[in-house]
Every structure is written in C-alpha cells, then in structure tokens.
Amino acid sequence: MTRPENSCALVTGGSRGIGAAVCERLAADGWRVAVNFRSGAEDAERVARAIVDCGGHAEPIGADICDPAAAGELIERAGRLGPVTCLVNNAGIRADDLALSLSEEDWSAVLETNLSAAFRLTRLALRGMLRARFGRVVNIGSVIGPRANAGQANYAAAKAGLIAMGKTVAVEVARRGVTVNTVAPGLIETDMTRGLDGTLLGAIPARRAGTPHDVAACVAFLASEAAGYVNASTLFVDGGLSA
Amino acid sequence: MQDEMTDTTVTDVVTDALVGFGCEREEITRAATFESLDIDSLDLAELAQVIEERFGVVLKGSDVVTLKTLGDLIDLIVARA
C-alpha cells in the first residue's frame, strides 16, 4: 500500500515534548503536518515554522479535542493540508493522586483527554483512511498501564485503554490497509514528566531517561509504508523498563 | 450539499459505493444478497457513511444487520427520507 500524495499527518498535542518531536520527524519523512494544540499556540507556531523553514508543509491548528464539535473541525482543517492518512493520538494530561483521594474530576479529565478524545478522533479520521485504502493511527500510550505506578490510576487506565482500543480498531479495519498501533514510552524527558520520582531511573535497565526523538523515531516507523504489516501492536520505548 | 433522494439515485449511489468496495457492477442487483456480493460488516459501515453524507440518512449497525438483499437496503434508505 502506497501513501497517498500530499498526505497529512495530524498530531494532537503537537506543540511540545513528544508531540513536537513527532511533528518534526514526520515532516522530515514527507508528511504534511497538522500541529494540533490546545494552549501552546506560540509553541505550535514555532514547530510549524521550523518545518516550513526546512521546506515542509505544516500548520498549527488550535482545538480542544475533548470538544466533539472542535474535533470534527480539527479533522476538517487538517484535511485542507492534504488527505489525513495519519493520526497520532499524542495529547495527554496527568492529574496524579493516590486512588483513595483521586477526585471524580481528575479521573474524568484524564480519561476524557487521554482516551475518549483519542477514540473520537480515530473514528473521524478512519472515514478518509478507509476510502484511501491507506491509514496509520499511532496512539501514544505509556509503559504505565501495562505496568503499575502508584498515584496514576487514572493515567494508567487511560493508557491501557488506548492499547486495548487500538488493538480492537486495528482488527476491524486491517483489511483496508489501515493500521492502528501504540507506542508506549517509558520515562521520557519532557515538561510533563518533570517532577516524577527520580528513583525511577534506577529501575530502567538503560539507566537513563529517553528523549522525545526516541519516541518520534518509532512513530515515524509505524506511520511509514514499510510498517504496513505491523498492526495492533504495542511498541515499548522504555529502555527496557517493561521487561 | 445533499442529493435528492429517489429510488434511482439511491440505487446509483449504493452501486457506485459497492463497486468501490470491489463488487462486480453486473452482479449488483436488487435481489443480490450481501452474502453473495461478499459484503461484510465493514463494507456496510462504510456504505452507511456514504449514505449519510449524500442523503443525510443515518443508518446504524442494528438497522442493517437484519437486511438480506440490496433491495432491502435501498427500500430502507428511501423509507427514511
């Protein structure tokens, strides 16, 4: 299966951290990139500008993906760059607390952003992918979910849910040349992981945190034509943490 | 812009969609069964989206699961207009 000409990759939460690295890497692979952001307009513009300066195509698109109407508009706007045949469900939040004191609001907010919004966008993006007979959905999961981490019941549930959702959607659409895979990062140096327990480093066989570029390289592979037979899988990028 | 819905236009849209799914045009008749055309649940879900976009008629999986022939489907779409 060949990637359609001028294909667009939509990356949610593309303004910073892993999302920004994914945007840059996909652009380098020839994707037109829709850089979605919720609050980091300036960062998203910087990411898009860097891509354009390198001769690529990119556009920052602000949208709160938790709003169903905004999600629909986001897909439509991204489609103006080119057919959206790659969706990277990267946007995510954390609201940590021990389960005993985890509030309803923090439970719901994390599930909504990290899981429900990803499903909603996947459902919307699949329409075009099925017609194109080519599609790549890459969920950014986490080693947390398959593995426990005290204080992150909401995050773990959402990220484990992403893996499960991705596997099921994958088997539904595989025969149309569409793949749905999950990249599961371990400890990656980003704004979001700043402040996490430093003792975690000792548990990582590689004895170092990963970088957003480590994750972006795996996303780029799963988005590529070369990965057409890789489906419903979870690729851990964690320095061996999940072993 | 949605198309005017008549039995003919619905049949044309359904036929074109099924050809896109790989069905042979000459085998697409009102009497043809989904099974004989090798139309699966994903085909029907895609077809439902085409119908919604072209005619504004929403078909759910539960609507089509009991249908046997293309004629049944076309009649259902026209009846929902």
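Residues numbered from 1 in each chain as written. Chains lettered and ligands numbered in written order. Predicted model: local features only at pLDDT ≥ 70, side-chain atom pairs only at ≥ 80, totals over all residues.

## Description of the packing of helix 1 (residues 17-28) of chain A against helix 7 (residues 212-223) of chain A
Residue and element names in this part refer to chain A.
Then comes step 1: In the contact formed by helix 1 and helix 7, the axes pass within 8 Å of each other and the chain directions differ by 50°. Our classification of the angle between helix 1 and helix 7 gives oblique. For the pair helix 1 and helix 7, the crossing hand works out as right-handed. In contact with Gly 17, Ile 18, Ala 20, Ala 21, Val 22, Arg 25 and Leu 26 of helix 1, helix 7 contributes Pro 212, His 213, Val 215, Ala 216, Ala 217, Val 219, Ala 220 and Ala 223. (Axes fitted to C-alpha atoms, helices over the stretch in contact; angles between N-to-C directions. Helix = DSSP H or I, 4+ residues; strand = E, 2+ residues; numbered from the N terminus. Parallel < 35°, antiparallel > 145°, perpendicular 65-115°, else oblique. Left-handed = near helix turned anticlockwise from the far one by under 90°. Contact = placed C-beta atoms within 7 Å.)

## Considerations on the nonpolar core
Residue and element names in this part refer to chain A.
Then comes step 1: Judged by nonpolar contacts, the single largest core of 74 residues is most densely connected at Ala 9, Cys 23, Leu 26, Val 33, Val 35 and Val 219.
Then comes step 2: Counting residues per element, this core draws most heavily on helix 4 (residues 104-132), which supplies nine residues.
Then comes step 3: With residues up to four places along the chain from it excluded, the contact list for Ala 9 reads Leu 26, Trp 31, Val 33, Cys 86, Val 88 and Ala 223. (Core = buried A, V, L, I, M, F, W, Y, C linked by C-beta atoms within 7 Å. Buried ≥ 20, exposed ≤ 12 C-beta atoms within 10 Å, placed from the backbone.)

## Details of the sheet that holds strand 6 (residues 178-185) of chain A
Residue and element names in this part refer to chain A.
Then comes step 1: Within the open sheet, the seven strands sit side by side as 3-2-1-4-5-6-7. Their pairing is parallel. Each of the sheet's edge strands pairs with one partner strand only, and the pair in question is strand 3 (58-62) and strand 7 (234-237). Here the strands of the sheet are splayed against their neighbours by 20° on average, with no regard to which way each runs.
Then comes step 2: Inspection of the sheet shows strand 5 (residues 135-140) paired to strand 6 by six bridges, in the parallel sense. For Val 138, the partnering residue across the bridge sits in strand 6 and is Asn 181.
Then comes step 3: Its contacts with the sheet place helix 4 against strand 1 (8-11), strand 4 (84-89), strand 5 and strand 6, and it is angled at close to 160° to strand 4. (Pairing = 2+ DSSP bridges.)

## As for the packing of helix 1 (residues 7-20) of chain B against helix 2 (residues 41-55) of chain B
Residue and element names in this part refer to chain B.
Then comes step 1: For the pair helix 1 and helix 2, interaxial distance at closest approach is 10 Å and the crossing angle is 140°. The orientation of helix 1 relative to helix 2 falls into the category oblique. You can see that helix 1 and helix 2 cross each other, and the crossing is right-handed. Contact with helix 1, carried on its side by Val 13, Val 14 and Ala 17, involves Leu 47, Val 50 and Arg 54 of helix 2 and no other residues of that element.
Then comes step 2: Of the residues belonging to the contact of helix 1 with helix 2, the class tally is five nonpolar, no polar and one charged. (Nonpolar A, V, L, I, M, F, W, Y, C, P; charged D, E, K, R; others polar.)

## What to know about the pairing of strand 4 of chain A
Residue and element names in this part refer to chain A.
Then comes step 1: Summarising burial for strand 4: six of the six residues are buried, a large majority.
Then comes step 2: The pairing of strand 4 with strand 5 spans four bridges and is parallel. The residue of strand 5 that forms the bridge with Asn 89 is Asn 139.
Then comes step 3: Traced from strand 4 through helix 4 to strand 5, the parallel crossover comes out right-handed. (Right-handed = clockwise from strand over helix to strand, strands pointing away.)

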